[in-house]
Amino acid sequence: MKKIFFYITLIPVLNTISCARIGSPNGGSKDSIPPVMVIAKPANKTTSFKKDKIVISFDEYIKIQKLNTQLIISPPIEKRPIIKPQKGVSKKISIQFLDSLKANTTYTINFGNSIVDNNEGNELGKLSYVFSTGPKLDLLSVMGNITDPLSNKQIENISVFAYKNANDTLIGNYIPDYLTNTLKSNHYILENLAEADYKIIALEDKNNNYKYDKGIERIAFLSRSIKLSSKTDSINFTLFKEPKNFKIYKPKQTKGNQLILGYEGNSVPKLKIEGTDKNNYLISQKENKDSLYIWFKKIPLDSIQITAKLDTLVKKYTLKLRELEKDTMLISSTLNNILHPNDSLILITNIPVNYINLDSIQLLENDSIAIPFKIISQPTKHKLYANFERQINKTYTLKFKKAAFTDFLTNNNTAKKIQVSTLDTEEYGELVLNIQNPLNHNLIIELLEKNSSNKITRYITKSSIVNFKYLEAKLYNVRIIKDLNKNNKFDNGVFLQKTQPEPIINYSKTLKIRANSEINENISIN
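The structure reproduced in this document is the subject of the present report.

Calculation rules
Residues numbered from 1 in each chain as written. Predicted model: local features only at pLDDT ≥ 70, side-chain atom pairs only at ≥ 80, totals over all residues. Heavy atoms only, no water. Helix = DSSP H or I, 4+ residues; strand = E, 2+ residues; numbered from the N terminus. Rg over C-alpha atoms; globule rule 2.2 N^0.38 Å. Buried < 20%, exposed > 50% of the residue type's maximum accessible area, 1.4 Å probe, protein only. Contact = heavy atoms within 4.5 Å. Lys, Arg positive; Asp, Glu negative; His and termini not counted. Charge placed at Lys NZ, Arg CZ, Asp CG, Glu CD. Pairing = 2+ DSSP bridges. Axes fitted to C-alpha atoms, helices over the stretch in contact; angles between N-to-C directions. Phe/Tyr/Trp six-rings, centres within 6.5 Å; stacked < 30°, edge-to-face > 60°. Salt bridge = Lys/Arg side-chain N within 4 Å of Asp/Glu carboxyl O. Polar contact = N/O pair within 3.5 Å; in protein donor to acceptor, adjacent residues only side chain to side chain.

### Quick look at the overall build of the chain
1) Next: Scanning the chain from N- to C-terminus turns up 2 helices and 42 strands.
2) Next: Its C-alpha atoms give the chain a radius of gyration of 33 Å, clearly above 24 Å, the size a compact globule of 526 residues would have.
3) Next: Its C-alpha atoms give the chain principal-axis dimensions of about 105 × 65 × 55 Å.
4) Next: Among the 526 residues that make up the chain, the fraction classed as buried is 43%.
5) Next: The contacts in the chain between residues at least 6 apart in sequence include a share of 65% that link residues at least 24 apart.
6) Next: The positive charge centre, built from 74 side chains, and the negative charge centre, built from 51, are 4 Å apart in the chain.

Below, the structure is given as structure tokens:
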């Protein structure tokens, strides 16, 4: 009897373990099965839909996460429906509409990856509920991929908007007829579209307002309308980011004898200053800064007038400068101890330099031998270049005494020395690109140091051998720009004018340069 009793009690226990999906015992395998939709009321893909509420049931307890970023309703509904549960767990999801629905329209409610099981967080994955307020479902679709050739980050969360029979000038300024989102990928699919002509854009809609915010969001567009009447081949998009609209900010006095005028846009404002002598002021700009500095040798006694012009934008300001404490002169180097064969020894000053006393400057090789040099000043860029002939495996020390430099405000520098070293040429590698350019495109060849903003640029107009010498032992990528207007720079897209950005080809390989080695690569451009 004991054996019989043992088998009778074991069978229900095994049955319970094998059938349950509530959890797993300690040491057992985790539940990896996502929730399953059991039933929907009204049924999925219902036509002649007239309800104001949808209930979807699942085979286990679920919870909803990140609904605000995952939920996609297409076409958009002005009043967002109430979806429960927002918190906690349930075996059901309810969708309560607060707005009337368009007649004869197919709607898609896509939950993205927001639905997960309660125990292990297994994602259900892009659950869609589709219904039509008319007698049939619209079944046309468009899909494709989205890229950004100027970014090395993964493309994700890009919205794709489709506008029916739209006016070009209004696209990107109102709620689209259909939309989707790439979520965690660069692939999109617009489903359940009606037969019509469409204008389609891809948009990095950061604030979810269905509108293009220039200078803040990336955008891509098709140069033509798409007539949907049957299955459509893949349509791909190339994102670009325009500069912000031109804007000029009122000048501010933050220190004595200087004003800072900020601006936005891809051009530099032209300034006209009245109320002081031309020799009393200097306008400068630091590298990669959207600000102009206006320096005054002496504070003007009366108010000055500044006219700033940026394209068609003109701003006029009247200001009275105050007597404030002046900055002291600071000098620094752009280098980190090593002077690369392709680099110059550049000094950066916080205030433009007005005078250089070469008798107070000395350049020593290996701390002992004085060698000839030249100092070239670019005061409007806050730069000084120290040019000299260098040798490998040497140390160079640039020493300047007090008052070697005098800035525009008549400040003098303090005594300082800057030391750099050169390496043997065998510490560097070389890259040779054999670029086949049979159509003689104007090409801009960029060699990009991986995970850095450093780049080296070359220009060719025919099939050429392009050499990059003295490369540090690092990883590099090659980017090639088709310079369509032959101005030796990349020209971005202009959405309002429906101008596409110049084509960019990113070479598929990441190149590993080693010391004392040469890499040869063949690239063909059609």
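### Observations concerning the sheet that holds strand β9 (residues 140–147)
1) Next: Spatial ordering of the open sheet is given by β12-β9-β16, a layout of 3 strands whose pairing is mixed. The sheet is open, and its two borders are formed by β12 (187–193) and β16 (237–238), each paired with just one other strand.

### Some remarks on the pairing of β9
Along any regular strand the residues' side chains alternate between the sheet's two faces.
1) Next: As paired elements, β9 and β12 share 5 bridges and run antiparallel to each other. Across the sheet, Val 142 pairs through a bridge with Leu 190, a residue of β12.
2) Next: Note: β9 against β16, 2 bridges, orientation parallel. Looking at β16, one finds that Thr 147 is bridged to Thr 238.

### Focus on the sheet that holds strand β6 (residues 106–110)
Remark on secondary structure: sheet strands pair via backbone hydrogen bonds, oriented parallel or antiparallel.
1) Next: What the 3 strands build is an open sheet, ordered β3-β6-β8; its pairing is antiparallel. Sheet topology places β3 (72–74) and β8 (128–132) at the edges, where each strand pairs with a single neighbour. Mean inter-strand twist for the sheet, computed between neighbouring axes without regard to direction, equals 10°.
2) Next: Bridging between β6 and β8 involves 5 bridges; their strand directions are antiparallel. Its bridge partner being in β8, Asn 110 is matched across the sheet by Ser 128.

### Some thoughts on the packing of aromatic side chains
1) Next: If you walk through the whole model with that rule in mind, you get 16 aromatic pairs.
2) Next: Judged by centre distance (6.2 Å) and plane angle (85°), the ring pair of Phe 49 and Phe 97 falls under edge-to-face. Separated by 48 residues along the polypeptide, Phe 49 in the loop between β1 (37–41) and β2 (53–64) and Phe 97 in the loop between β5 (90–96) and β6 bring together distant segments of the chain. Residue Phe 49 shares its accessibility class with Phe 97, and that shared class is buried.
3) Next: With centroids separated by 5.1 Å and ring planes inclined at 65°, the aromatic side chains of Tyr 163 and Tyr 174 adopt a geometry described as edge-to-face. Of this pair, Tyr 163 sits in strand β10 (residues 159–164) while Tyr 174 sits in the loop between β10 and β11 (178–181); the two residues are 11 residues apart in sequence, bridging distant segments of the chain.
4) Next: Given a relative accessible area of 0%, Tyr 163 falls into the buried group.

### Observations regarding the pairing of strand β13 (residues 196–203)
1) Next: Summarising burial for β13: 7 of the 8 residues are buried, a large majority.
2) Next: Direction of pairing for β10 relative to β13: antiparallel, over a ladder of 6 bridges. Within β13, the residue paired with Val 160 across the bridge is Ala 202.
3) Next: Two elements, β13 and strand β15 (residues 226–228), share 3 bridges in a ladder whose sense is antiparallel. Looking at the pairing, Tyr 198 lines up with Ile 226 of β15.
4) Next: With 3 bridges joining them, β13 and strand β14 (residues 219–221) adopt antiparallel strand pairing. Bridge assignment links Leu 203 to a residue of β14, and that residue is Ile 219.

### A word on the side chain of Glu 217
1) Next: With respect to the helices and strands, the residue Glu 217 is situated in the loop between β13 and β14.
2) Next: Of the side chains bearing the opposite charge, Lys 206 lies closest to the buried Glu 217, which forms no salt bridge; the N-O distance is 7.3 Å.
3) Next: A distance of 3.0 Å separates a polar atom in the side chain of Glu 217 from the backbone nitrogen of Lys 206.
4) Next: Engagement of the side chain of Glu 217 in a polar contact is seen with the backbone nitrogen of Asp 213, the distance being 3.0 Å.

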